[in-house]
Amino acid sequence: MRSPSLFVSKSRSGLILLIALMAGSAALAGCTTRAARPRLAYEERPVEALYNAGHNRLSRERWSDAVDYFQEVERQHPYSEWSRRAILMQIYANYQNNRFEEAIAAADRFIQLFPGNPSAAYAFYMRALCNFERIVDVGRDQAYAEQALQGLRDVARRYPGTPYASDALVKIDMVNDQLAGKEMAIGRYYQSKNQPLAAINRYKTVVENDDFQRTSHTPEALYRLVEIYVGLGLTEEATRNGAVLGHNYPGNVWYSRAYALLTSKGLSAEGEAPPRREGWLSRLIPG
């Protein structure tokens, strides 16, 4: 299940379609067969007719039919320029049809056959994107997130300065936030089960990991460490994490909670008191 706040809608992913069409389309003359067929029986025919038929189905969002025709192009004319274009179109059509494994297989095939082709960047990007699209909520296994992260980093490394790399860098931050969220979910679980040491390890992973430090979860991780250390009577560790929280996130709600917790226990927060929020009544009646 994809979260709307995290994942890019396919309808807005213009980069994917634009590059695919630039790499694989051509204005071809000739007739196309209008009758839809669930599976194409082998019938030798001109490559232009096959490709045009696939492109026609693609423009009508008949993704499975389009894949059938592009596969025929590849099968009947494997060493032609049309075959290269047809593989790119299979990547795109399968992706749009949510057939991510098939899209990845086509991308891998393109990379293997045409590693030096400029369109290999598209294949690498789409392979990463297919895993990115399958990231699930933090309560479940994050294997796709790990694979997406590896693929996106590969794109950013191989093709710096390209639109693919720019989008990959944005998505890398999003995946890191997801993985940090997973660590937080596990830490909260351990904390709720009165397993403080296991919870500390998870929270410290978020605080100390260079990639996770920049995510939205770091302030809460620091607060949870303060909370656990206070409960364990480890006042030095509690105040130190509270000071880090106050220094880096002075206006954050998690620092307000940490400050209140530390001062309630007679401990120094080693930072400025968070600004007091006025209620609606005090704003109406000042003083």
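Predicted, not measured: the structure shown is a model, and the values here were computed from it.

Let us now look at the overall build of the protein. Helices and strands together make up the secondary structure of the protein, namely 13 helices and zero strands. The linear arrangement of helices and strands in the protein, starting from the amino end, is α-α-α-α-α-α-α-α-α-α-α-α-α. Put simply, the protein has 287 residues, and 45% of those count as buried. Considering only residue pairs separated by 6 or more positions, the protein has 59% of its internal contacts joining residues 24 or more positions apart.

On to the environment of Tyr189. Position of Tyr189 relative to the elements: it lies in helix H8 (residues 163-192). By relative accessible area, Tyr189 is classed as partly exposed at 47%. Placed ten residues apart in sequence, Tyr189 and Ala199 show a C-alpha to C-alpha distance of 7.7 Å.

The next thing to look at is helix H4 (residues 81-96). Here H4 is 16 residues long and its end C-alpha atoms lie 23 Å apart, about the 22 Å a rise of 1.5 Å per residue gives. Across the 16 residues of H4, 15 count as buried, placing the element largely inside the fold. Asn98 sits one or two positions beyond H4 and adopts a positive phi of about 60°.

This part covers the pattern of salt bridges. Under the definition given, this model contains 17 salt bridges. Its salt-bridge partner being Glu74, residue Arg109 comes within 2.6 Å of it at the nearest N-O pair. Of this pair, Arg109 sits in helix H5 (residues 100-113) while Glu74 sits in helix H3 (residues 63-76), and the two are 35 residues apart along the sequence. With a shortest N-O distance of 3.0 Å, Asp154 and Arg158 are connected by a salt bridge. Of this pair, Asp154 and Arg158 both sit in helix H7 (residues 143-158), four residues apart, which is roughly one turn of that helix.

Here the focus is the packing of helix H9 (residues 196-208) against helix H10 (residues 218-232). It is at 9 Å that the axes of H9 and H10 come closest, and there the two elements cross at 150°. With respect to H10, the axis of H9 lies roughly antiparallel. As H9 packs across H10, the resulting crossing turns out to be left-handed. Counted together, Pro196, Ala199, Ile200, Tyr203, Lys204, Val206 and Val207 of H9 and Thr218, Ala221, Leu222, Arg224, Leu225, Ile228, Tyr229 and Leu232 of H10 form the full contact between these two elements. Partitioning the contact of H9 with H10 into residue classes produces twelve nonpolar, one polar and two charged.

Quick look at a nonpolar patch on the surface now. A cluster of nonpolar side chains, namely Leu197, Leu232 and Leu234, defines an oily patch on the protein surface of about 270 Å² accessible area. The exposure class assigned to Leu234 is partly exposed, which follows from its relative accessible area of 34%.

Taking 1.5 Å as the rise per residue, H8 with 30 residues should run 44 Å; its terminal C-alpha atoms sit 44 Å apart, in good agreement. Looking one or two residues past H8, Asn194 carries a phi angle of roughly 60°, positive in sign.

Per-residue confidence for the protein averages 84 on the pLDDT scale, and 78% of its residues sit at or above 70. The model gives residues 21-38 a pLDDT under 50, and that stretch makes 41 contacts with residues more than four places away or in other chains. Scored below 50 in pLDDT, residues 278-283 makes one contact in the model with residues more than four places away or belonging to other chains.

What counts and how
Residue positions within a chain follow its written sequence, with the count starting from 1. With the structure being a predicted model, the display of local features is reserved for residues of pLDDT at least 70 and the display and counting of side-chain atom pairs for 80 or more, all residues being used for whole-chain, interface and lining totals. As a rule here, side-chain values come from all non-hydrogen atoms in the structure, and water together with hydrogens is ignored. Numbering of helices and strands runs from the N terminus; a helix is a DSSP stretch of H or I covering at least four residues, while a strand is a stretch of E covering at least two. Think of it in three bands: residues with accessible area under 20% of the maximum for their type are buried, residues over 50% are exposed, and the middle band is partly exposed, with areas taken using a 1.4 Å probe on protein chains only. Contact definition: two residues touch when any of their heavy atoms are within 4.5 Å. To estimate how far a helix should reach, multiply one less than its number of residues by 1.5 Å. The working definition used for a salt bridge is a side-chain nitrogen of Lys or Arg within 4 Å of a carboxyl oxygen of Asp or Glu. A fitted line through C-alpha atoms serves as each axis, taken over the contacting stretch for helices, and the angle formed by two N-to-C directions is quoted from 0 to 180°. Each angle receives one of four descriptions, namely roughly parallel if under 35 degrees, roughly antiparallel if over 145, roughly perpendicular if within 65 to 115, and oblique otherwise. Here is the rule for handedness: rotate from the far helix to the near one, and if that takes an anticlockwise turn smaller than a right angle the crossing is left-handed, while a clockwise turn gives right-handed. Three categories are distinguished: nonpolar for Ala, Val, Leu, Ile, Met, Phe, Trp, Tyr, Cys and Pro, charged for Asp, Glu, Lys and Arg, and polar for the others, with Gly belonging to the last. Put simply, a patch holds well-exposed residues, over 30% relative accessible area, that have no salt bridge, with like charges counted together within 9 Å and Val, Leu, Ile, Met, Phe, Trp or Tyr side chains within 5 Å. Throughout, the Shrake-Rupley method with a 1.4 Å probe supplies accessible areas, and for residues the shown protein chains are the sole cover considered. Across the chain, each position has a pLDDT score giving the predictor's confidence in that residue, from 0 to 100.

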